[in-house]
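What follows is the residue order along each chain.
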Amino acid sequence: MCIRDRIKAKGLAINEVTYGCLLDACVKNDRIDLALNVVDKMKVDRITLNTILYTTLIKGFAKAGMLNEALNIFALMKESPKTAPNVITYNCILDACVKCENLPRAQEIFADMERTLTPDLITYSTIIKGFCKRGDIETAYRFLDTMLDRNIKPDEALVNLILEGCYTSGKVDLGMKIFAIMNDLRISPSNITYSILIKIYGQARKLQDALALIPAMKASGLRPSLIVYTNLVQICLTMRRFDKAVDIYERLRSEGVKCDHVLYEKLVKGAIAANRIDTAVELFASSNDERAFVSR
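Residues numbered from 1 in each chain as written. Predicted model: local features only at pLDDT ≥ 70, side-chain atom pairs only at ≥ 80, totals over all residues. Heavy atoms only, no water.

Asks: Explain empty space enclosed by the protein to me, please; I cannot follow it from the model alone.
Replies: Take a probe with the size of a water molecule and roll it over the atoms, and the empty space left behind shows itself. Using the criterion set out here, one finds one cavity of 30 Å³ or more in the structure. Considered as a void within the structure, the largest cavity measures approximately 30 Å³ in volume. Lining the largest cavity are Leu144, Pro154, Val159, Ile178, Ile181, Met182, Leu185 and Ile187. When residues of the lining of the largest cavity are assigned to their parent elements, the largest contribution, three residues, is made by helix H11 (residues 172-184). In terms of residue class, the lining of the largest cavity is built from eight nonpolar, no polar and no charged. (1 Å grid on protein atoms, 1.4 Å probe; cavity = no way out; pocket = protein on both sides within 12 Å on 5 of 7 lines; lining within 4 Å. Points joined across faces, edges and corners; volume = space filled by probe spheres on them. Helix = DSSP H or I, 4+ residues; strand = E, 2+ residues; numbered from the N terminus. Nonpolar A, V, L, I, M, F, W, Y, C, P; charged D, E, K, R; others polar.)

This is how it looks when you write it as structure tokens:
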């Protein structure tokens, strides 16, 4: 017997709030099939779906990658003023478009949203994510520029997303511009931010600028993570500065940062490439001592 039937068997009233909870539970557990069953039961009980319930259903279709079904529900909502989509609804349908990589449809929906509602941070973050994922960082930046013009402040996660897009697309100058905007808006960078910046500096072959990020992090009270140091070591090795890579390795060990097999493997390979065989052997031994085993 389903929960609905148990409630009814006890003589308890079941309304749209109860059904809303059931629908939400199905969606959160990735059971769109059960969510549709709940909708069928609602029809039997003559309970009309409202904006919140429709939006929950769209969210379920989005998670399941069922874009057409989500779009059909969205279109149905727009047929009646009583179920007019709200900002959350638009964000959910945009998310469905982005997940299914249908950015032209996402742009159409975004434009439609602007006619009656004001996009929020989640709206912009969702569509920017889509363009970053596709490698169209210029369009992603245009959406960022628009939200800034509308006094919507991005958060650190969104800035990191665009920075990663700049790195993936090889847009070094734009990456530096984004970081400058981050500083102007006083958005505190995290270890993730700095790790991406180091990769961007590496693309530009600006080793000194990358190295300067470590004292900058420490001055702001942020302790560099192993990932930050690993990215920095990779840049040194790429630019054939094994000496600098060793300096970084010694520094992080002195700071009590535990090295992993990824870092050791990079260092061992770098030592061999630099014809520093004795150093390679020492690094290999250290990796074994720390149980950060390097593949042979």
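Now, onward.
Asks: Quick question: what am I supposed to make of the pattern of salt bridges here?
Replies: One side chain can pair with another of opposite charge once the charged atoms of both are near each other. Applying the stated criterion across every chain, the model contains 15 salt bridges. Its salt-bridge partner being Arg150, residue Glu114 comes within 2.4 Å of it at the nearest N-O pair. Residue Glu114 is found in helix H7 (residues 103-116), and its partner Arg150 is found in the loop between helix H9 (137-149) and helix H10 (156-169); the two are separated by 36 residues along the sequence. In this structure Glu114 comes out as partly exposed when scored by relative accessible area, which is 32%. A residue is classified by how much of its surface remains accessible, and Arg150, at 42% relative accessible area, is partly exposed. In this structure, Asp243 and Arg241 form a salt bridge, with 3.2 Å as the shortest nitrogen-oxygen distance. Since its relative accessible area comes to 30%, Arg241 is described here as partly exposed. (Salt bridge = Lys/Arg side-chain N within 4 Å of Asp/Glu carboxyl O. Buried < 20%, exposed > 50% of the residue type's maximum accessible area, 1.4 Å probe, protein only.)

Asks: Any chance you could explain the packing of helix H4 (residues 51-63) against helix H6 (residues 87-99) here in plain terms?
Replies: Packed helix pairs are specified by the crossing angle of their axes together with the interaxial distance, meaning the distance between the axes. Here H4 crosses H6 at 15 degrees, and the two axes come no closer than 9 Å. It follows from the interaxial angle that H4 and H6 lie roughly parallel. The two elements H4 and H6 meet at a crossing, and its hand is left-handed. Side by side, H4 and H6 meet where Thr51, Thr55, Ile58, Lys59, Ala62 and Lys63 of the first sit next to Ile88, Thr89, Cys92, Ile93, Asp95, Ala96 and Lys99 of the second. Classifying every residue of the contact of H4 with H6 gives six nonpolar, three polar and four charged. (Axes fitted to C-alpha atoms, helices over the stretch in contact; angles between N-to-C directions. Parallel < 35°, antiparallel > 145°, perpendicular 65-115°, else oblique. Left-handed = near helix turned anticlockwise from the far one by under 90°. Contact = heavy atoms within 4.5 Å.)

Asks: Explain helix H12 (residues 191-203) to me, please; I cannot follow it from the model alone.
Replies: Count 3.6 residues to each turn of an α-helix, and residues three or four apart come out pointing the same way. In a regular helix each residue adds 1.5 Å, so 13 residues correspond to 18 Å; H12 covers 19 Å between its end C-alpha atoms and thus fits that length. On its buried face, H12 is in contact with H10, H11, helix H13 (207-219) and helix H14 (226-238). For H12, the side-chain oxygen to backbone nitrogen distance between the N-cap and Ile192 is 3.2 Å, and the N-cap itself is Ser190. Arg205 lies just past H12 and shows a positive phi near 55 degrees. (Expected span 1.5 Å × (residues − 1). Polar contact = N/O pair within 3.5 Å; in protein donor to acceptor, adjacent residues only side chain to side chain.)

Asks: Help me understand the packing of H14 against helix H15 (residues 242-254), please; the structure alone is not making it clear to me.
Replies: Where H14 contacts H15, the two axes come as close as 7 Å, and the packing angle between them is 160 degrees. One way to sum up the angle between H14 and H15 is to call them roughly antiparallel. Seen from above, H14 lies across H15 with left-handed handedness. Judged by residue contacts, Tyr229, Leu232, Val233, Cys236 and Leu237 of H14 engage Phe242, Lys244, Ala245, Ile248, Arg251 and Leu252 from H15. Looking at the contact of H14 with H15 residue by residue, the class counts come to nine nonpolar, no polar and two charged.

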